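# A structural walkthrough
Here is how the chains run, residue by residue.
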Amino acid sequence: MPDDAAWQRIATARDLDSTIQQMREHGLAHWVEDVSRSPDAGALERSLQQGCAALVNTLCRWLPPHWRAVNAWLNLGLRVGQFETLMNMPDPALAPGSDALLAAIAELPQAQRRDALVQAGYARFVLRPGPAALDTWLNEFERACPQLTGMEAYVLHRLRRLLVDHRRAVTKARREWNRTDRRDTSGIDLQWRAREQLDRRLRALLGGEPFHAGLVFVYALLELLQFERCRALLLARSNAWQSSGVV
């Protein structure tokens, strides 16, 4: 994964194609695997979705057989990540190979997709969209886990505490920003700084331990932090948005 200096080079690339090339040269090629030159926002989203699907497939191969309920939970997360796109985009850019049911729902008129997702059993996610949907999915992780002991139990307990602390920090930063009359980027910067702190704490969990299934989830979260930063920089470049604070 890129270090701070590599992220600076990626962030200061002169245009979108140069940004993509820098990502490929610094360990992020799997997020921009198939994009052509000067891709539009839809092509970028599809490539990022494919990267997430490949990550989940890798994690499912790594996990022991008795973690099969967690495999199902991971694949559910892929679908949850597409619900906002389905409901809010007139022409949702789903990646090739996406869940067949979601692909069928994407063909419906936009006004009908929310009800279709509810009927498909996803009401707990689509009736509480955005961050609340992600929290609902994360909260189902513990129920999916097998009985844990030893280092796996310890690391996953630490992981849950880190995520709770991180969500509290981000919520506090948003609340403080919303109380001010300023509408600058300081609140957004605070969120990215909280992400950096989470990244450092996750990496600290990796040090010196023998391999166990708990480390798979530390790795997964670290990869998703790379995904989020890649997406922010790519879409900012594609849409000529400000990317202040991302790096």
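Whatever comes next refers back to the structure up there.
To keep things clear, this report deals only with the structure shown in the data block. (Residues numbered from 1 in each chain as written. Predicted model: local features only at pLDDT ≥ 70, side-chain atom pairs only at ≥ 80, totals over all residues. Heavy atoms only, no water.)

## Observations regarding the pattern of salt bridges
Enumeration over the complete set of coordinates arrives at 11 salt bridges. A salt bridge links Glu-228 to Arg-195, with the nearest nitrogen and oxygen atoms 2.6 Å apart. Linking Glu-228 in helix H11 (residues 213-239) with Arg-195 in helix H10 (residues 186-206), this pair joins segments that are 33 residues apart in sequence. Shared partners join several salt bridges into a network, and the residues in it are Arg-193, Glu-196 and Arg-229. (Salt bridge = Lys/Arg side-chain N within 4 Å of Asp/Glu carboxyl O. Helix = DSSP H or I, 4+ residues; strand = E, 2+ residues; numbered from the N terminus.)

## Quick notes on the packing of aromatic side chains
This structure, assessed with the given rule, holds eight aromatic pairs. Where Phe-83 meets Phe-125, the ring centres are 6.2 Å apart and the plane angle is 50°; that geometry is what we call tilted. In this pair, Phe-83 is assigned in helix H4 (residues 68-88) and Phe-125 in helix H6 (residues 110-126), connecting sequence segments 42 residues apart. With respect to class, Phe-83 is no different from Phe-125; both count as buried. By the ring-pair criterion, three or more aromatic residues cluster together here, those being Trp-67, Trp-73, Trp-137, Phe-141 and Phe-217. The ring of Trp-7 has Arg-229 lying over it, and the distance from NZ or CZ to the ring centre is 5.3 Å. (Phe/Tyr/Trp six-rings, centres within 6.5 Å; stacked < 30°, edge-to-face > 60°. Buried < 20%, exposed > 50% of the residue type's maximum accessible area, 1.4 Å probe, protein only. Lys NZ or Arg CZ within 6 Å of the ring centre and 35° of its normal.)

## Some points on the packing of helix H2 (residues 16-25) against H11
Contact geometry of H2 with H11 gives a least axis separation of 9 Å together with a crossing angle of 160°. It follows from the interaxial angle that H2 and H11 lie roughly antiparallel. Handedness of the H2/H11 crossing: left-handed. The segment H2 lies against H11, with Leu-16, Thr-19, Ile-20 and Met-23 engaging Cys-230, Leu-233, Leu-234, Arg-237 and Ser-238. Classifying every residue of the contact of H2 with H11 by side-chain character gives six nonpolar, two polar and one charged. (Axes fitted to C-alpha atoms, helices over the stretch in contact; angles between N-to-C directions. Parallel < 35°, antiparallel > 145°, perpendicular 65-115°, else oblique. Left-handed = near helix turned anticlockwise from the far one by under 90°. Contact = heavy atoms within 4.5 Å. Nonpolar A, V, L, I, M, F, W, Y, C, P; charged D, E, K, R; others polar.)

## With respect to H6
Two residues of an α-helix separated by three or four positions point the same way, owing to the 3.6 residues in each turn. Spanning 17 residues, H6 covers only 14 Å between terminal C-alpha atoms, well under the ideal 24 Å at 1.5 Å per step. Of all bends in H6, the biggest is about 110°, found at Ala-120. For H6, the complete set of buried residues consists of Arg-113, Ala-116, Leu-117, Tyr-122, Phe-125 and Val-126. (Expected span 1.5 Å × (residues − 1). Bend = angle between axes of the 7 residues up to and from the residue.)

## Quick word on the packing of H4 against helix H7 (residues 131-139)
Any two packed helices are characterised by the angle at which their axes cross and by the distance between the axes. Look at H4 against H7: their axes get within 10 Å of each other, and the N-to-C directions meet at 175°. Here H7 runs roughly antiparallel to H4, going by the angle between their axes. Across from Trp-73, Leu-74, Leu-76, Gly-77 and Val-80 in H4, the residues of H7 making contact are Ala-133, Trp-137 and Leu-138. Grouping the constituent residues of the contact of H4 with H7 by class yields seven nonpolar, one polar and no charged.

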